[in-house]
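Listed below, chain by chain, are the residues.
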Amino acid sequence: MLVRVANSANGGSRRALPWAKVKEWPKKPKNPVLGVDPDVSGALAVLEGREEGWSLHIYDVPTVSERVGTRMRRRHCPAGIACALKNLELPPGCVAYVEMARPLPQNGRQGWYGSGFGYGVWMGALAANGVETVAVHPNTWKKDMLLTKANQSDAVEEGSSTTDKGSPLEPLNRLALKDRSREIAAYVFPQIMDEVKRKKDHGRAEALLLAAWGCGMRCESHGIEKEVLSLLDQV
């Protein structure tokens, strides 16, 4: 079964992000909106707008171990995914935003197979439960959330080095894209901060942000380099 890790209305303390701000906040939908990170380490997020705030659920992908050659590999559990979606009892009119599978050369044949397999399982299970699916290219939604490599330099001044050791901006330069997703998710939905605090929780964060993207959320940089350098000049 999928593991529920959060279920609460909007609340908690919100701390500012040093390198980005929310340009457009997610709008409450009429029906629950789903976000799916289809990787084996991904998650399913369900966002539902209520009068008192947001109700949200995040579920880790159910997996099984199977032998491939001489190794045991973790795969999606089709029965677990189908059962979990059925148990959600989603009303008609729900939409699921699913990140498209994008096999990368460095992942190898097993990585390609696992990526396509998981994506297909999710698309089939969602369709079988009457949920409309919208396939979204990773770069499409991540660009709007400052989570692409093209956005990685947004936290530093244009033309400055992003790798200079000893630079006052070095900690920001090293901020991984996966860490960014957890930072943004915890900022927008502070009640799930404890559920995305580990590095391996990036799948939960990305599923939640994809659902929020489907609700109209967009982020933008606010020129962190000017603020940081100004503070350094005052020291």
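Since the model is a prediction, treat every value here as computed from it, not as a measurement.

Section: the pattern of salt bridges
Here is step 1: Here the structure, examined in full by the defined rule, presents 11 salt bridges.
Here is step 2: A salt bridge links Asp60 to Arg204; its shortest N-O distance comes to 2.7 Å. Taken together, the residues span a long stretch of sequence, with Asp60 in strand S5 (residues 53-60) and Arg204 in helix H6 (residues 202-214) at a distance of 144 residues.
Here is step 3: Judged by relative accessible area, Arg204 falls into the buried class, the value being 9%.
Here is step 4: With a closest N to O distance of 3.5 Å, Lys142 and Glu206 form a salt bridge. Separated by 64 residues along the polypeptide, Lys142 in helix H3 (residues 138-144) and Glu206 in helix H6 bring together distant segments of the chain.

Topic: helix H1 (residues 78-88)
One turn of an α-helix holds 3.6 residues; hence residues three or four places apart share an orientation.
Here is step 1: Buried within H1 we find Gly80, Ile81, Ala84 and Leu85. Buried residues along H1 cover an arc of 125 degrees about the axis, so they all sit on one side. Away from the buried face of H1 by more than 90 degrees, exposed residues Ala79 and Lys86 are located.
Here is step 2: Just beyond H1, the residue with positive phi is Glu89, at close to 50 degrees.

Calculation criteria
- Residues numbered from 1 in each chain as written.
- Predicted model: local features only at pLDDT ≥ 70, side-chain atom pairs only at ≥ 80, totals over all residues.
- Heavy atoms only, no water.
- Salt bridge = Lys/Arg side-chain N within 4 Å of Asp/Glu carboxyl O.
- Helix = DSSP H or I, 4+ residues; strand = E, 2+ residues; numbered from the N terminus.
- Buried < 20%, exposed > 50% of the residue type's maximum accessible area, 1.4 Å probe, protein only.
- Arc of directions from axis to C-beta.

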